[in-house]
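Observations on chain architecture
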Amino acid sequence: MRQTTLRLLLVCGMILPMLAAFAQPGDGPVTVGLNIDYKTPQEYTLGPIRVEGADNYDHNAIRLIAGLRQGSQITLPGDKITKAVKNLWAEGIFSDVEIYAEKEVAGVIYMVIKLAPRPKLSRFRFEGLPRREVDKVREEISLFSGKTITENLVFATKSKIRGYFREKGYYNVDVNIRRVQDTLINGSEIFYINVDKGEKVKIGELSIEGNSSVPTWKLRLAMKDTKQKAFWRFFKRSKFSQSAYKRDKEAMMAKFTKVGLRDAEIAFDTVYQVDSKNLTINIKIDEGEKYYFGDIEWIGNTKFRSTFLDTVLGIQKGDLYNKELLEQRLFMSQDGRNISSLYRDRGYLFFNLIPVEVSVENHMINYQMRIIEGKEARVKRVIISGNTKTNDYVIRREIRTKPGDLFNQNDIIRTQRELAQLGYFNEQAFQINPIPNPADGTVDIEYVVEEKSSDQIELSGGYGGTGIDGRGRIIGTLGLTFNNFSTKNFFKKGAWAPLPGGDGQRISIRAQTNGRFFRGYNVSFTEPWLGGKKPNSLTVWGVWNLIGNGFAPTSDQFEGLRIGGTGIGFGRRKKFPDDYFTVNYELSYQQYFVKDSPQFGLFTNGYANDFAFKYTLIRSSVTSQIYPQGGSTMRFVGKATLPYSQWDGIDDYSSVTEQERYNWLEYYKLKLTGEWYFPLTADKKLILMPRFGFGFMGFYNEGKGLTPFERFYMGGSGLTGVNQIGGQEIIAMRGYPDRSMSSDAGDPLIAKYTLELRYPISLNPSATFFVLGFAEAGNTFPTFRDFDPFNVKRAAGVGVRVFLPMFGMLGLDYGWGFDRLDPWSQGFAVGEVNNNINTKGYHTQLNFTIGMNLGEL
């Protein structure tokens, strides 16, 4: 940096006589010379101020910044010139600033401001980087055309680029900036930024010493983004990031506070490079002494007794000190067991709790819980905003906080869940804003929602052995589902944008086919709030399916199975045992017409009538439909027909035809399923999902036997296109071929167990994407005598799921089946070969599915 010069050409009084001595008579006045006495400052009048070296700048602006104005008084020597230099220098656009007096005439001093402007940046280019990385680096640095170039700018640019690549794991990155004079623009330079990333440097060793109370593996697990290199590490690479390292150290130390070591600290830590590819991190821990909870005293509580608050808190004297647990039990815990919720669920919105650590004796920490209960608050107004399509009353009927009710925090949480279950809104954008009114003891509650696309174009497809001949076929489904429809606005012209919506009704139209073998059509309509006052739903549906033997399913050539049916269902929410329960009742009629089809065993020709009643009881507390991060679902389904054999007058069914035997189907069917969602991390992203399912189909008359329809088949993706609507309930079992685990005619008993580990890549409502690993086991059984819930076929694998609002859930799974398939369970005698089934060892299967829960019990 060039040295700034402040030069005042003040000619001393001693020099003036010498100049006068050389002057000849008649030469005129002397115009150069200032008599300055530094001990005795003199006042001058500023004359014209000339600016040099700043041709591209406004000279008046420079004078204004310097604070020097023509005609003003100035004292020399004085600090006004010093301030002027500082003001100009502070602008950061000059590399040299000089202010000096040019001359003095009759008390008027003429000043000169001489400047050397810094160069400007005309443009910059990157060298050594691909274009996709250049665009990202540009966002990190603050360079633009016309920016003043300073040494600090060059240094900061290098540091930002270096920091960006170090966060990516390129610890040895080298950045050089070459400055070249721009010949096209005067006073400008071009930056050529050369970046040599080098090779990625990984954490070769992460050493932690001094810890005895917390295992090293737990500490390493707590460091989410600072991982030691390992051959099995795929999703979390062992790169070193300074910001992540700082964050992970705090997370690691939090593990010590959970076991009473609140004085634990990092004695020292060091990060050093051992070679060009590896870093080593050494951390030394000083645990300190363990602390315990002492006496806990409650002050200010009138609503609840101190002993009751002690019970809710659940912390006893002598327990290991755990600050995180204490804060959870006081303010917010996942299971709702905390003091704040206890009060706020009973209207105490203005409740405040201040935990005070009053003393520490013999490593026992004594607390005083100071409570300010406040008065009960009632809901005054419920405000809804953000709904551009859904009508207000559709949202209000799901809201549990009503005007006039006591404020209840749990009701707000339940309202958020109910609104999420509708599927109309972006779950990540929900906002609930309580607006307290302390003056009158009320609260306004604002629910802010964001509409998302809920209508779907359903594309369900799969490949499986659906045909009678066992050969694989492609099944396709095209459907339209309108989840937020409005029938009352159907005839209003202005409501078609593009469809009348906003009333929460659901219409679904679907068509399935694989060409010559199968065609299916069904339509359904659901009104979720029949009458508009209670959450009682009404559903009507109809179905028409043709399942051929490979010929065109026309009236004159048709051979196979034809199904037509309709049904009506009624559902309502229950309040007992709790309001997570719903119940559905359904009455249905289906007719099966079979012509020359071996699909249902001995029943190859004729028709069968299925008039059944179905009862479904569900308890669901899942937090989300697409990617549940908590809660569970239990489901019981019972379906039964009338016992026609009790009054049909037939005593011996062995003497009647199959048509007479199955004219009216009679059976009962029971299913029990359950699934849970357990978050394994604090951010609730890594989810463990266990699921089980059992099913049983029985008969009323042993002589009439089991109906050939509605039996269980297991194997494959379950997405064969026919499923239940073809008279067969096909249950998925990844890792095995379609329907390969059951007898040819199906089985009446089934058991299945699933364990999935899920992790989201994106929870964006416009494209939700997560990966999973699964382990499954299951089997079907022909009789109760053969039923063994542990005699199952096992499989494991990996998969991905993508949810797109317009298409639903898309899935791809690759599974390994570990157990042999029994030939005789497929209707083959011992020694007989089924070419479609591998009975010699493990199986591998790639399954593609489109749909939420296809193939599940």
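Residues numbered from 1 in each chain as written. Predicted model: local features only at pLDDT ≥ 70, side-chain atom pairs only at ≥ 80, totals over all residues. Heavy atoms only, no water.

1. Topic: the overall build of the protein
Filter applied, for reference: The helix and strand labels rest on DSSP assignments: H or I over at least four residues marks a helix, E over at least two residues marks a strand, and numbering proceeds from the N terminus. Classification of residues uses two cut-offs on accessible area relative to the type maximum, computed with a 1.4 Å probe and protein chains only: under 20% is buried, over 50% is exposed, and between them is partly exposed. Contact definition: two residues touch when any of their heavy atoms are within 4.5 Å. Using a 1.4 Å probe, accessible areas were evaluated by the Shrake-Rupley method; residue-level cover was limited to the displayed protein chains.
The secondary structure content of the protein amounts to 13 helices and 35 strands. For the protein, buried positions account for 45% of its 857 residues. Counting only contacts in the protein whose residues sit at least 6 apart along the sequence, the fraction spanning at least 24 positions is 61%. For the protein, the exposed area adds up to about 43,800 Å²; of that, 54% sits on carbon and sulfur atoms.

2. Topic: helix 2 (residues 59–66)
Within an α-helix, residues lying three or four positions from one another point in the same direction, as the helix has 3.6 residues per turn. Rules: Pairs of N or O atoms are called polar contacts if they sit within 3.5 Å, as long as, within protein, a hydrogen donor faces a hydrogen acceptor (for residues adjacent in sequence, only side-chain-to-side-chain pairs).
Backbone nitrogen of Asn 60 and a side-chain oxygen of the N-cap are separated by 3.0 Å at the start of helix 2; the cap is Asp 58. At the C-terminal side of helix 2, Gly 67 shows a positive phi close to 80°.

3. Examining a negative patch on the surface
Threshold: Surface patches are defined over residues having more than 30% relative accessible area and no salt bridge, joining like charges when they lie within 9 Å and nonpolar side chains (Val, Leu, Ile, Met, Phe, Trp, Tyr) when within 5 Å. A pairing counts as a salt bridge when a side-chain nitrogen of Lys or Arg comes within 4 Å of a carboxyl oxygen of Asp or Glu. Counting rule applied: Lys, Arg positive; Asp, Glu negative; His and chain ends not counted. Where a charge lies is defined by one atom per residue type: Lys uses NZ, Arg uses CZ, Asp uses CG and Glu uses CD.
A contiguous patch of negative charge on the surface is contributed by Asp 263, Glu 265, Asp 286 and Glu 289. Its location among the elements puts Asp 286 in strand 10 (residues 278–286).

4. A word on unusual backbone geometry
For the bond running from Leu 76 to Pro 77, omega is -10°, close enough to zero to count as cis. As for its placement among the helices and strands, Pro 77 is situated in the loop between strand 2 (73–76) and helix 3 (80–90). A cis amide bond, omega 0°, links Phe 576 with the succeeding residue Pro 577. Checked against the element boundaries, Pro 577 lands in the loop between strand 22 (560–573) and strand 23 (581–595). Non-glycine residue His 363 carries a positive phi angle of around 65°. Tracing the backbone through its elements, the reader meets His 363 in the loop between strand 12 (352–361) and strand 13 (364–372). According to the relative accessible area criterion, His 363 is partly exposed, its value standing at 31%. The phi dihedral of Lys 684 falls on the positive side, at around 60°, and the residue is not glycine. Examined against the element boundaries, Lys 684 turns out to sit in the loop between strand 27 (678–679) and strand 28 (687–698). A residue is classified by how much of its surface remains accessible, and Lys 684, at 32% relative accessible area, is partly exposed.

5. So, the nonpolar core
Selection rule: Put simply, buried Ala, Val, Leu, Ile, Met, Phe, Trp, Tyr and Cys residues joined by side-chain atoms within 4.5 Å make one nonpolar core.
With 26 residues, the main nonpolar core has Leu 561, Tyr 592, Leu 665 and Phe 709 as its most contacted residues. Secondary-structure elements contributing two or more residues to this core are strand 22, strand 23, strand 24 (606–620) and strand 29 (711–714). Of all hydrophobic cores here, the second largest spans 23 residues; its members include Ile 74, Ala 84, Val 97 and Ile 109.

6. Points about the pattern of salt bridges
In this structure the tally under the stated criterion is 37 salt bridges. One salt bridge connects Glu 189 with Arg 179, and the closest N-O pair in it is separated by 2.8 Å. Placement of Glu 189 in strand 7 (residues 188–196) and of Arg 179 in strand 6 (residues 174–181) is noted, with a sequence separation of 10 residues between them. The class of Arg 179 is partly exposed, set by a relative accessible area of 34%.

7. Description of the packing of helix 2 against helix 3
Heads up, the rule is: Here an axis means a line fitted to C-alpha atoms, over the contact stretch when the element is a helix, while the angle between two N-to-C directions is reported on a 0 to 180 degree scale. Roughly parallel means an angle under 35 degrees; roughly antiparallel means over 145; roughly perpendicular covers 65 to 115; every other angle is labelled oblique.
Their axes nearest at 8 Å, the elements helix 2 and helix 3 cross at an angle of 120°. What the angle tells us is that helix 2 and helix 3 run oblique. When helix 2 is examined against helix 3, the residues Ile 62, Ile 65 and Ala 66 are found in contact with a partner set consisting of Ala 84, Asn 87 and Leu 88.

8. Quick word on the environment of Glu 327
Assignment of secondary structure puts Glu 327 in helix 9 (residues 323–330). Since its relative accessible area comes to 40%, Glu 327 is described here as partly exposed. In sequence terms Glu 327 and Pro 355 are 28 residues apart; their C-alpha atoms lie 9.1 Å from each other.

9. Observations concerning the sheet that holds strand 11 (residues 292–299)
Quick reminder of the rule: Pairing between strands is defined by DSSP: at least two bridges between the two strands are required.
Sheet architecture is open: three strands sit in the order 11-13-12, paired in mixed fashion. Strands with a single pairing partner mark the edges of an open sheet, and in this sheet they are strand 11 and strand 12. For this sheet the average axis-to-axis angle between neighbouring strands, irrespective of direction, equals 25°. Packing of helix 8 (residues 306–313) onto the sheet brings it into contact with strand 11 and strand 13, and relative to strand 11 it is tilted by some 140°. Against the sheet, helix 9 contacts strand 11, strand 12 and strand 13, and its axis sits at roughly 20° relative to strand 13.

10. Structural notes on the packing of aromatic side chains
For the record, the criterion: Any two of the Phe, Tyr and Trp rings considered here, Trp counted by its six-membered ring, make a pair once their centres fall within 6.5 Å; the pair's planes then place it as stacked at under 30 degrees, edge-to-face at over 60, or tilted in between. Charge over a ring is defined by NZ of Lys or CZ of Arg lying within 6 Å of the ring centre and within 35 degrees of the ring normal.
Summed over all chains, the structure comprises 30 aromatic pairs. Relative to Phe 165, the ring of Tyr 164 has its centre 5.1 Å away and its plane inclined at 85°; by these criteria the two rings are edge-to-face. One exposure class covers both Tyr 164 and Phe 165, and it is buried. The ring of Tyr 321 is capped by Arg 262, whose NZ or CZ atom sits 5.6 Å from the centre of that ring. Stacked on the ring of Tyr 580, the Lys or Arg Arg 414 has its end atom at 3.8 Å from the ring centre.

11. Side note on helix 3
For clarity, the threshold we go by: Picture the helix axis, draw a direction to every C-beta atom, and the arc is the one those directions span.
Of all the positions in helix 3, only Ile 81, Ala 84, Val 85 and Leu 88 are classed as buried. Axial view of helix 3: buried residues confined to an arc of 100°, hence all on one face. Opposite the packed face of helix 3, turned more than 90 degrees from it, sit the exposed residues Lys 83, Lys 86 and Ala 90. Where helix 3 is buried, its residues touch helix 2, strand 2, strand 3 (94–105) and strand 4 (108–117). Just beyond helix 3, the residue with positive phi is Gly 92, at close to 75°.

12. Comments concerning the packing of helix 4 (residues 131–140) against helix 5 (residues 151–167)
We count it as follows: Should the near helix be turned counterclockwise from the far one by less than a right angle, the crossing is left-handed, whereas a clockwise turn marks it as right-handed. In this classification, the charged set is Asp, Glu, Lys and Arg, the nonpolar set is Ala, Val, Leu, Ile, Met, Phe, Trp, Tyr, Cys and Pro, and all remaining amino acids, among them Gly, are polar.
Running from N to C, helix 4 and helix 5 cross one another at 125°; their axes reach a closest spacing of 10 Å. One way to sum up the angle between helix 4 and helix 5 is to call them oblique. Like other packed secondary-structure pairs, helix 4 and helix 5 cross with a definite hand, here right-handed. Residues Glu 133, Lys 136, Val 137 and Glu 140 of helix 4 form the contact with helix 5, whose participating residues are Lys 160, Ile 161, Tyr 164 and Phe 165. For the contact of helix 4 with helix 5, the class distribution of residues is four nonpolar, no polar and four charged.

13. Description of the confidence of the model for the protein
Note the cut-off: Scored from 0 to 100, pLDDT reflects the predictor's confidence in each residue.
When pLDDT is averaged across the protein, the result is 84; 86% of the residues are at 70 or more. Low pLDDT, under 50, characterises residues 720–725; the stretch is placed with 24 contacts to residues that sit more than four places away or in other chains.

14. With respect to the sheet that holds strand 8 (residues 202–209)
Reading across from one edge, 8-10-9 is the order of the three strands in this open sheet, with mixed pairing throughout. Looking at the sheet topology across the chains shown, the edges are occupied by strand 8 and strand 9 (265–273). Averaged over neighbouring strand pairs, the angle between their axes works out to 15° when direction is ignored. As paired strands, strand 8 and strand 10 are joined by seven bridges and run parallel to one another. Opposite Glu 205, over in strand 10, you have Thr 280 as the bridge partner. The strands touched by helix 7 (residues 242–257) within the sheet are strand 8, strand 9 and strand 10, with strand 9 carrying the most contacts at an inclination of about 145°.

15. Notes on the side chain of Glu 287
With respect to the helices and strands, Glu 287 occurs in the loop between strand 10 and strand 11. Here Glu 287 sits buried without a salt bridge, and the closest side chain of opposite charge, Lys 290, lies 7.1 Å off (N-O distance). Engagement of the side chain of Glu 287 in a polar contact is seen with the backbone nitrogen of Ser 212, the distance being 2.6 Å. The contacts of Glu 287, once residues within four sequence positions are left out, are Gly 210, Asn 211, Ser 212, Ser 213, Val 214, Phe 256, Leu 261, Asp 263 and Ala 264.

16. Side note on a positive patch on the surface
Taken together, the side chains of Arg 132, Lys 136, Lys 168, Lys 200, Lys 202, Lys 229, Arg 237 and Lys 239 define a basic patch exposed on the protein surface. Note on placement: Arg 237 falls in the loop between helix 6 (216–222) and helix 7.

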